[in-house]
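# Structural description and commentary
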Amino acid sequence: MSNRSYRIMNRRTVIRGLLAAGAFGASSRLWIGCTPTSNTATNPNPTPNSTPLEIGFIYVGPKDDYGYNQSHAEGKATVDKLSGVKIVEEASVPETTAAEETMTNMIKQDGATVLFPTSYGYFNPHSLKIAREFPEVQLFHPNQPYKDEYPKNVGSYFSDLVEPAYLAGIVAALTSKTGKLGFIIPKPIPVVLREANSFALGAQSVKPNIVVQAIVTGDWSLPVKEAEAANSLLDQGSDVLTGRVDNMKVIITTAEKRGAFSSGYHINQASLAPKGYLTGVEWNWGKIYSTYVEMVKAGKTLMNGGIPHVVAGGLKEDFCKLSPFGASVSAETKKAVEAAKAKLLDGSLAIFKGELKDNKGNVVIPEMDP
């Protein structure tokens, strides 16, 4: 998720008492992408007597970044297991014309007819340009709102993480001894703030007086600033750290070294903190990718209307999940999480409901009549 076209807030801005009086920025849906290196993998068992479906995956950073890019690479691994599929992938592709070159090569040299450019910054203008140049190739983008003026061979998919973020907030609050939680925000764009607010609301649902402190680093991957932010939050009394940066490794290992707890993002990062890791918010891109592939293999396309231009889901659709619980999570906490999860799944629990106020006391979601 680097070099996104969003306005950056002042670096290391500390938003104290995030959601102490309610939620801020608790609405809207923009979307994100992230960072990867270069590789090619093929399925050894293509469908007999048929040409394999050629699919290209492009990452903006390393595939083993313990974060967003690794989550997409793990999702791609699910597609590897499908029959009749051949995969080509490239990592660490900048969000520049280099992305166009990579996509063009995958189409012309490898015969790819389906592309998954996994970073938001690839979309405009690069993916749109390629879509217009190769109208027979389908491009599926994460976190990109679809507009009617876009080429018909462009689609958008999204996994909403507010539900597992809410559950992770419950775990953090019930584990915290200080009553302070730390959240490290890369960029204060709506999708990130929704997840931060959801985490805070989950925490407040079990401990109304819990405080979530946030620091904005200013970009998706700034390891030095992330370390500074983590230590600052710990110095201010937070004993559980989480965040939404591309690579959570620095944050989680810093918490572990200082005897604090951590909650992950993007993938299961329990191996980084065997003592303090509580749980984490995970994408399940593999479910989305395999769904797309099966539709394409069945002859459905964006162009013929067989594949919708927007595919989105949450826990119910299995598009996201909560990481397994760590050793420090109590049985009582697990029960509380399972109870809340059941309500999210049956629709009886609404995360963002009025009246909610921001941290300055302004009403951002009014109370609705029953």
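The next thing to look at is the pairing of strand 3 (residues 53-58). Residues in a regular strand point their side chains to alternate faces of the sheet. Taking burial as the measure, the six residues of strand 3 include six buried ones, the bulk of the element. Because side chains alternate across strand 3, one face comprises the buried residues Leu 53, Ile 55 and Phe 57, and the other comprises Glu 54, Gly 56 and Ile 58, equally buried. With six bridges joining them, strand 3 and strand 4 (residues 85-91) adopt parallel strand pairing. What sits directly across from Leu 53, in strand 4, is Val 85. Sheet analysis places strand 3 next to strand 5 (residues 114-117), joined by four bridges and oriented parallel. Within strand 5, the residue paired with Ile 58 across the bridge is Pro 117.

Our next topic: the environment of Ala 339. Relative to the assigned elements, Ala 339 resides in helix 9 (residues 331-346). It is 9.9 Å that separates the C-alpha atoms of Ala 339 and Leu 167, two residues lying 172 residues apart in sequence.

What follows concerns the environment of Arg 132. Following the sequence through the fold, Arg 132 ends up in helix 3 (residues 123-133). The class for Arg 132 is exposed, based on a relative accessible area of 51%. Each C-alpha atom of the pair Arg 132 and Tyr 150 lies 9.1 Å from the other, and the pair is 18 residues apart in sequence. If near-sequence neighbours (up to four positions away) are discounted, Arg 132 is found in contact with Glu 149 and Pro 151.

A few words now on the packing of aromatic side chains. Enumeration according to the criterion identifies 17 aromatic pairs in this entry. Pairing Phe 123 with Tyr 150 gives two aromatic rings, centres 5.1 Å apart and planes at 70°, and the pair type is edge-to-face. Residue Phe 123 is located in helix 3, and its partner Tyr 150 is located in the loop between strand 6 (138-142) and strand 7 (154-159); the two are separated by 27 residues in the primary sequence. Taken as a pair, Phe 123 and Tyr 150 share a single burial class, namely buried. With centroids separated by 4.2 Å and ring planes inclined at 35°, the aromatic side chains of Phe 140 and Tyr 292 adopt a geometry described as tilted. One end of the pair, Phe 140, is in strand 6; the other, Tyr 292, is in helix 8 (residues 285-297), with 152 residues separating them in the sequence. Tyr 292 shares its class with Phe 140; the two are buried.

Parameters at a glance
Along each chain, residues carry numbers from 1 onward, in the same order as the chain's sequence is written. Totals for whole chains, interfaces and linings use all residues, but because this is a predicted model, local features are given only for residues with pLDDT of at least 70 and pairs of side-chain atoms are given and counted only at 80 or more. Only hydrogens and water are removed before side-chain values are computed, so all heavy atoms of the structure are retained for them. Exposure categories follow from relative accessible area, calculated using a 1.4 Å probe and restricted to protein chains: below 20% of the type maximum is buried, above 50% is exposed, and the middle band is partly exposed. Here a helix means four or more residues in a row that DSSP labels H or I, a strand means two or more in a row labelled E, and each is numbered from the N terminus. Two strands are counted as paired when DSSP detects at least two bridges linking them. Contact definition: two residues touch when any of their heavy atoms are within 4.5 Å. For this analysis, a ring pair means two rings from Phe, Tyr or Trp (six-membered ring only for Trp) whose centres lie within 6.5 Å, classed as stacked if their planes differ by under 30 degrees, edge-to-face if by over 60, and tilted for the remaining angles.

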